[in-house]
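Reading the structure
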Amino acid sequence: MSVRLSATEDYASLIDKYDTWMFDCDGVIWHGDRLIDGAIDVLRLLRNRKKTVLFVTNNATKSRRSYRGKFDQLGVEAHVDEIYGSAYAAAVYLSSVIKLPKDKKVYVIGMAGLEEELRDEGVSYLGGTDPADRTLEPFSLANFVLDESVAAVLCGLDTAINYTKLSKAFQYLTRNPGCQFLVTNEDSTYPSADGLLPGAGAISAPLRFALGKDPVSIGKPASTMLDCIKAKVNYDPKRTIMVGDRLNTDILFGKNGGISTLLVLTGITAEDEITGPNPSPIIPDYVTQSIADLNKAAEH
Ligand SMILES: O=C(O)[C@H](O)[C@H](O)COP(=O)(O)O
Ligand SMILES: [Mg+2]
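These numbers come from a predicted model, not from an experiment.

Rules used in this analysis
- Residues numbered from 1 in each chain as written.
- Chains lettered and ligands numbered in written order.
- Predicted model: local features only at pLDDT ≥ 70, side-chain atom pairs only at ≥ 80, totals over all residues.
- Heavy atoms only, no water.
- Salt bridge = Lys/Arg side-chain N within 4 Å of Asp/Glu carboxyl O.
- Helix = DSSP H or I, 4+ residues; strand = E, 2+ residues; numbered from the N terminus.
- Buried < 20%, exposed > 50% of the residue type's maximum accessible area, 1.4 Å probe, protein only.
- Axes fitted to C-alpha atoms, helices over the stretch in contact; angles between N-to-C directions.
- Left-handed = near helix turned anticlockwise from the far one by under 90°.
- Contact = heavy atoms within 4.5 Å.
- Nonpolar A, V, L, I, M, F, W, Y, C, P; charged D, E, K, R; others polar.
- Near = heavy atom within 4 Å.
- Polar contact = N/O pair within 3.5 Å; in protein donor to acceptor, adjacent residues only side chain to side chain.
- Areas by Shrake-Rupley, 256 points an atom, 1.4 Å probe, with all protein chains shown as cover.
- 1 Å grid on protein atoms, 1.4 Å probe; cavity = no way out; pocket = protein on both sides within 12 Å on 5 of 7 lines; lining within 4 Å.
- Points joined across faces, edges and corners; volume = space filled by probe spheres on them.
- UniProt positions renumbered as here; feature names shortened; annotations may be inferred.
- Phe/Tyr/Trp six-rings, centres within 6.5 Å; stacked < 30°, edge-to-face > 60°.
- Pairing = 2+ DSSP bridges.
- Donors = N, O, S within 2.8 Å, 3.2 Å for Na, K, Ca; no water.

Structural notes on the pattern of salt bridges
- Under the defined criterion, the tally for this structure stands at 22 salt bridges.
- When the shortest N-O distance is used, the salt bridge between Arg 246 and Asp 187 registers 3.3 Å. Placement of Arg 246 in the loop between strand E14 (240-244) and helix H9 (247-256) and of Asp 187 in the loop between strand E10 (180-183) and strand E11 (189-192) is noted, with a sequence separation of 59 residues between them.
- A relative accessible area of 13% means that Asp 187 is categorised as buried.

Given below as structure tokens:
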């Protein structure tokens, strides 16, 4: 059963209880490029209280460095080693978990931030935003030249998705023996500043359907992101809390990782999904309307 936070002392004791605060981004800190009211004050409050603040996002469109730029533009203090995105986790997964051989490549469906993280991890790739991939042209299977060095297809949120990209990925996944099907994350929707849009999970769905098989998903709720954090940050799971807006990614990620969870209602999840007649099996430890509510602790 979740604790529905409301009184000032609820927030004050929550902040006292946890030293490490992991924040999801889309739907928690911001909607697109629009900060959620009060978010900046909460982050300042936590830093003033000497708390560790981390950002853990499934959004693979930006690298950790470009996220740092976004935080800067929005006036939010953030350091690269505090930012963990599914693009970074995917690059680490390829370089350090499956240890992709140096003579092998990844066919990418995704954006510049994902490519930047692959480059930073020394992972060779093709496709993505490369104009040489000529993905604006209709796909011709008769003229398609299969690159036999492609050993994995990696699919992330790609606002320029099209049939040619999907067809190329399909060729690699069906014709290169052992070619791995990886996705940065499987969020069904993306809470933009002006409303819901299809998420990364909707971008890879055509491949899952065509192939009749599920990919390996690297972002939340999988443990890879937490493994990336553990490699750089010492934290006590008993004094760590994940703050998110989506039950099947953020809250499940926290539960899988043995840390506490706070659901906010400014993003994807509506409160009746956990309090209604058919509640989700994924129940957060705490619930509040917005992370801005944590500012009430300052009044205590
Ligand atoms: O990939 C997606 O669908 C979106 O980026 C999604 O919103 C994940 O972002 P997060 O809520 O984890 O920051
Ligand atoms: Mg979110």
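Having seen the structure, we can now continue with the description.
Points about the packing of helix H4 (residues 86-97) against helix H5 (residues 112-120)
- Running from N to C, H4 and H5 point in directions that differ by 35°, and their axes come no closer than 8 Å. Taken as a pair, H4 and H5 cross one another with a handedness that is right-handed. Here H4 contributes Ala 87, Tyr 88, Ala 90, Ala 91 and Leu 94 to the contact with H5, which in turn contributes Gly 113, Leu 114, Glu 117 and Leu 118.
- Of the residues contributing to the contact of H4 with H5, the split by class is 7 nonpolar, 1 polar and 1 charged.

Structural notes on the site of ligand 1
- Around ligand 1, 16 residues are found, and the nearest of them are Asp 24, Asp 26, Thr 57, Asn 58 and Asn 185.
- Here an oxygen atom of ligand 1 and a side-chain polar atom of Asn 185 are 2.9 Å apart.
- Interatomic distance of 2.9 Å between a side-chain N/O atom of Lys 220 and an oxygen atom of ligand 1.
- Protein burial of ligand 1: of its 350 Å² of free accessible surface, 98% is covered by the chains.
- Top contributing element to the shell around ligand 1 by residue count: E11, with 3 residues.
- Its residues assigned to classes, the shell around ligand 1 comprises 5 nonpolar, 6 polar and 5 charged.

Thoughts on empty space enclosed by the protein
- For the coordinates displayed, the defined rule picks out 1 cavity of 30 Å³ or more.
- Considering only enclosed or pocket space, the largest cavity measures out at about 160 Å³ in volume.
- Around the largest cavity, the lining is made up of 20 residues, and of these Asp 26, Asn 58, Asn 59, Asp 187 and Thr 189 lie nearest the centre.
- Secondary-structure elements contributing two or more residues to the lining of the largest cavity are E11 and H9.
- It is E11 that provides the largest number of residues to the lining of the largest cavity, a total of 3 residues.

Focus on the UniProt feature "binding site: Mg(2+)" (unreviewed entry) in the protein chain
- The feature "binding site: Mg(2+)" (unreviewed entry), as given by UniProt, occupies Asp 24, Asp 26 and Asp 245 in the numbering adopted here. These residues run over 222 residues, yet every pair of their C-alpha atoms falls within 8.1 Å of each other. Annotated residues from the preceding list that form part of the lining of the largest cavity: these are Asp 24, Asp 26 and Asp 245.
- Within the fold, Asp 26 resides in the loop between strand E2 (20-23) and strand E3 (30-31).
- Asp 26 sits in the buried class, given a relative accessible area of 10%.

Let's talk about the packing of aromatic side chains
- The tally for this structure, following the rule as stated, stands at 10 aromatic pairs.
- With centroids separated by 6.0 Å and ring planes inclined at 5°, the aromatic side chains of Trp 30 and Tyr 67 adopt a geometry described as stacked. Of the two residues, Trp 30 is situated in strand E3 and Tyr 67 in helix H3 (residues 64-73); the sequence distance between them amounts to 37 residues.
- Residue class for Trp 30 comes out buried when judged on its relative accessible area of 0%.

Quick word on the side chain of Thr 240
- Looking at the element boundaries, Thr 240 is found in strand E14.
- Overall, Thr 240 belongs to the buried group, its relative accessible area being 0%.
- In contact with Thr 240, other than residues within four places in its own chain, are Tyr 18, Thr 20, Met 22, Tyr 235, Ile 259 and Ser 260.

Quick look at the sheet that holds strand E13 (residues 216-217)
- Taking strand neighbours across the sheet as the criterion, the 5 strands line up as E8-E7-E9-E10-E13 in an open arrangement whose pairing is parallel. The open sheet has two free edges, formed respectively by strand E8 (125-127) and E13, since each of these has just one partner strand.
- The pairing of strand E7 (residues 105-109) with strand E9 (residues 150-155) spans 5 bridges and is classified as parallel. By the bridge assignment, Tyr 107 is partnered in E9 with Val 153.
- Relative to the sheet, H4 contacts E7, E9, E10 and E13, its axis offset from that of E9 by approximately 165°.

Considering the coordination of the magnesium ion (ligand 2)
- Looking at the magnesium ion (ligand 2), the protein donor atoms are Asp 24 (OD), Asp 26 (O) and Asp 245 (OD), and they sit 2.0 to 2.1 Å from it.
- Mapped onto the sequence, the donors of the magnesium ion (ligand 2) take the spacing D-x1-D-x218-D. With Asp 24 in the loop between E2 and E3 and Asp 245 in the loop between E14 and H9, this residue pair connects regions lying 221 residues apart in the sequence.

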